[in-house]
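Here's the letter readout for the chains.
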Amino acid sequence: MKLVIAEKPSVGAAIAAVMGANEKRSGYFEGGGYLVSWCIGHLISLADAATYNEQFRKWKYDDLPIVPQEWQFIVASGKEQQFSILKDLMHRSDVTEIINACDSGREGELIFRFVYEQANCKKPFSRLWISSMEASAIREGFSNLKDGRGYDNLYQSALCRAKADWLIGINATRLFSILYHKTLNVGRVQTPTLAMLVNRDYAISSFKKEKYHVVRLDVGGVAALSERQDEAAARQMKAACEKSQAVCTSLKKEKKNAAPPKLFDLTALQREANRLYGFTAKQTLDYAQALYEKRLLTYPRTDSKYITSDMQDSTKELIPGLCAALPFMQGVKLQADLARICDNSKVTDHHAILPTAEFVKTGFSSLAESEKKLMTLVCAKLLCAVAAPYEYEAVTAVFTCGGYTFTAKGRTTLCEGWREIERLSRAASGEQDEDAEPEAVLPPLAEGQTFDNPAAEISERYTQPPKAFTEDTLLSAMESAGKEDTPEDAERKGLGTTATRAGIIEKLISAGFAERKGKKLIPTKDGYNLVAILPDSLTSPQLTAEWETRLTGIAKGSDSPADFMRGIEEMTAGLVKTYSAISEDKAKLFTPQREAIGTCPRCGAAVYEGKKNFYCSDRACSFVMWKNDRFFEQRKKAFTKAIAAALLKDGKVKIKGMYSTKTGKTFDGVVLLADTGGKYVNFRVEQNRK
């Protein structure tokens, strides 16, 4: 009997169906000589600091750096039952071999090995390495199982990455949180990403716009523009032109073409879905994962934009079905050229994201609107990628007038090629690409052609600040960060991975270091402060680039895991030693700014809202109004900040729907602040006077 361990239940179910393991058990399937079970993502993780020593539950500077000598592992909370099932299955006497069917990549390797090691399993294991959940891909993968030990170096690379992130994350987070009296999450990827947001926001806020002028010359219906001018020069130019004849001195025509776009990797798909539909990176990943689990999309967590040469035939077979499934493709002639999207050297773990043959069979009928949009993007991208290049004639016309030079540019489409599919796809979805450039067509012109009395206009313009990051542009910046310092063959480039970038953005927002304003991503005040207090080694992508160089070496067997970890431990100790103390003023950097809700009726000091009360800020004054005051509780009204502010301002407040214990009915009335200066503040309902 062979035990197959997948990463997720849905993947396990798909494998079981193909391999004939049709009998459903508790936490696994059985049949056809196979047991098929799953991990539910990260089932085992590195233990938290308190597991090593109970005193680490409290965060103290004297305990740093925390560096485990013998690393410990724990079962993820809430997943104990599934681990118990897997452990029992591994140790079943009739199980002779384990098959690692977790996702094909560094993290998938780590997930399986952690479970294998924690269960103390010694049985031989193989590796299933596939990129699609289609039945044909699963069968082919099972007929080409690899020796599991052949991936030992990949596992060591993944283990070093996990331990290093633990060391930096635990120690740096505790160190700066202790110093600044606020939980400050510090991470190798998260912090440089925040730094990019802060640097961009600072560039925008410190930008000083500069005015300039451009003269627009109307020559036979063509708008020709001057270079930038100051106002006086522009006026002089305008006056000179209006008295002169304009001459077309140069007409340059050049045939050009734009190659079709590459296929989608996850980051490119997230960027386009954000730009066109406003989907967050996490939403796109969730939708793509759901489509993958429905067997309609190939594996989404890929960083490749190519397919392998042996996939050409199966990919070509998809194209007629896709053209039939997409209404906007009716009547479009497509001669598919797949050579352009094939490159074996640029496919590592997984090929580009593609629709599957299953999708061609089933179409869009059962999909939610968001999934339809994403599926359409992927289908259209494949069709664009195999279509003809976009060919056009670029025209540059230069005019002289009054001794000055003006330029007009335009283009004429010769063969729309892939751009036709993109245009029809956008039109069908009703979405406009904000980055798309309008096409200018110039009328027929000839060198030496003259234009009498050309109209000249001055337009006042301003230099533009950089644009705030959107998820589209931040993902792009994360992808290319530190690239020049990362080797070509590194498994991961930039900040984070295609699979983790969405989560990093969400973490920054949930921790209060960044916020969404429409499509824009903006750092908060705490985000600014966090970047300001951290060393460059933690805010620059350089650290990630260095790690990836080393981790790539470990995965190839050319670098030592022990040497890598020794360097990380030294870095951690150095960080703790360098930041041993800060000034009192700096320690208050993250203290939340309190907003007074009114002034104290007894002493005139500011009154603030606490968790349970509204209190006078002068400690010598005993004025306090409790939120659970019986007066409000009896009348079944919450003592809100708005009520407290009105009482402090006017001494009274009108409240609707108060409950009467005498009549059992509700009534509207005015509540008075009846403070007599004692320990407790009193309230009473104003009596109606006749």
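Residues numbered from 1 in each chain as written. Predicted model: local features only at pLDDT ≥ 70, side-chain atom pairs only at ≥ 80, totals over all residues. Heavy atoms only, no water.

Helix and strand counts for the protein stand at 23 helices and 25 strands. Relative to a compact globule of 690 residues, whose C-alpha radius of gyration would be 26 Å, the protein shows 33 Å and is clearly more extended. Once the C-alpha set of the protein is aligned to its principal axes, its extents read approximately 95 × 85 × 60 Å. Within the protein, the proportion of its 690 residues that are buried is 47%. Only carbon and sulfur atoms are counted for the fraction: they give 48% of the accessible area of the protein, which is about 34,200 Å². In the protein, which carries 96 positive and 87 negative side-chain charges, the distance between the mean positions of the two groups comes to 8 Å. (Helix = DSSP H or I, 4+ residues; strand = E, 2+ residues; numbered from the N terminus. Rg over C-alpha atoms; globule rule 2.2 N^0.38 Å. Buried < 20%, exposed > 50% of the residue type's maximum accessible area, 1.4 Å probe, protein only. Areas by Shrake-Rupley, 256 points an atom, 1.4 Å probe, with all protein chains shown as cover. Lys, Arg positive; Asp, Glu negative; His and termini not counted. Charge placed at Lys NZ, Arg CZ, Asp CG, Glu CD.)

Let's shift gears to the sheet that holds strand β1 (residues 2–6). If you walk across this open sheet you meet the seven strands as β2-β3-β4-β1-β7-β8-β9, and the pairing is mixed. Edge strands, defined here as strands with exactly one partner in the open sheet, are β2 (23–25) and β9 (146–147). Both strand β3 (residues 28–31) and strand β4 (residues 34–38) contribute to a ladder of four bridges, which runs antiparallel. Counterpart to G31 in the pairing with β4 is Y34. (Pairing = 2+ DSSP bridges.)

Another point: unusual backbone geometry. Residues other than glycine predominantly adopt negative phi, and peptide bonds predominantly adopt the trans conformation. The peptide bond linking L64 to P65 adopts the cis configuration, its omega dihedral lying at -5 degrees. Within the secondary structure layout, P65 lies in the loop between α2 (49–52) and β6 (73–75). One non-glycine residue, I40, lies in the positive phi region at around 55 degrees. If you trace the backbone, I40 turns up in the loop between β4 and β5 (44–46).

Relative placement of two packed helices is described by the angle separating their axes and the distance separating the axes. Look at helix α11 (residues 312–325) against helix α13 (residues 369–385): their axes get within 11 Å of each other, and the N-to-C directions meet at 115 degrees. You can see that α11 and α13 cross each other, and the crossing is left-handed. Contacts between α11 and α13 involve T315, L318, I319, L322 and C323 on the former and, on the latter, C379, L382 and L383. Residues of the contact of α11 with α13, tallied by class, amount to seven nonpolar, one polar and no charged. (Axes fitted to C-alpha atoms, helices over the stretch in contact; angles between N-to-C directions. Left-handed = near helix turned anticlockwise from the far one by under 90°. Contact = heavy atoms within 4.5 Å. Nonpolar A, V, L, I, M, F, W, Y, C, P; charged D, E, K, R; others polar.)

What follows deals with the environment of I509. Tracing the backbone shows I509 in helix α16 (residues 501–510). Considering only alpha carbons, one finds I509 and T524, 15 residues apart in sequence, at a separation of 9.2 Å. If near-sequence neighbours (up to four positions away) are discounted, I509 is found in contact with A514, E515, R516 and L521.

It is worth spelling out helix α8 (residues 231–242) at this point. Here α8 spans 17 Å end to end across twelve residues, near enough to the 16 Å set by a 1.5 Å rise per residue. Inspection of α8 places A234, M237 and C241 among the buried residues, and these make up the whole buried set. One face of α8 carries all of its buried residues, which in axial projection span an arc of 60 degrees. Facing away from the buried side of α8 by over 90 degrees, the exposed positions are A232, R235 and Q236. Elements that come into contact with the buried residues of α8 comprise β10 (211–219), β13 (390–401), β14 (404–415) and β16 (455–462). Two or three places before A232, at the start of α8, stands the capping residue D230, its side-chain oxygen 3.3 Å from that residue's backbone nitrogen. (Expected span 1.5 Å × (residues − 1). Arc of directions from axis to C-beta. Polar contact = N/O pair within 3.5 Å; in protein donor to acceptor, adjacent residues only side chain to side chain.)

Extensive coverage of β1 is indicated by the burial of four of its five residues. When β1 meets strand β7 (residues 97–101), the two strands line up parallel, connected through five bridges. Bridge pairing links L3 to I98 in β7. In the sheet, β1 pairs with β4 via five bridges, with the strands oriented parallel. Counterpart to A6 in the pairing with β4 is W38.

Before going further, it helps to spend a moment on the sheet that holds strand β24 (residues 666–674). Read across the open sheet, the three strands follow the order β23-β24-β25; overall the sheet is antiparallel. One side of each edge strand has no neighbouring strand; the edge strands of this open sheet are β23 (652–659) and β25 (682–685). For this sheet, the mean inter-axis angle between neighbouring strands, taken without regard to orientation, is 40 degrees. Against the sheet, helix α23 (residues 641–650) contacts β23, β24 and β25, and its axis sits at roughly 140 degrees relative to β23.

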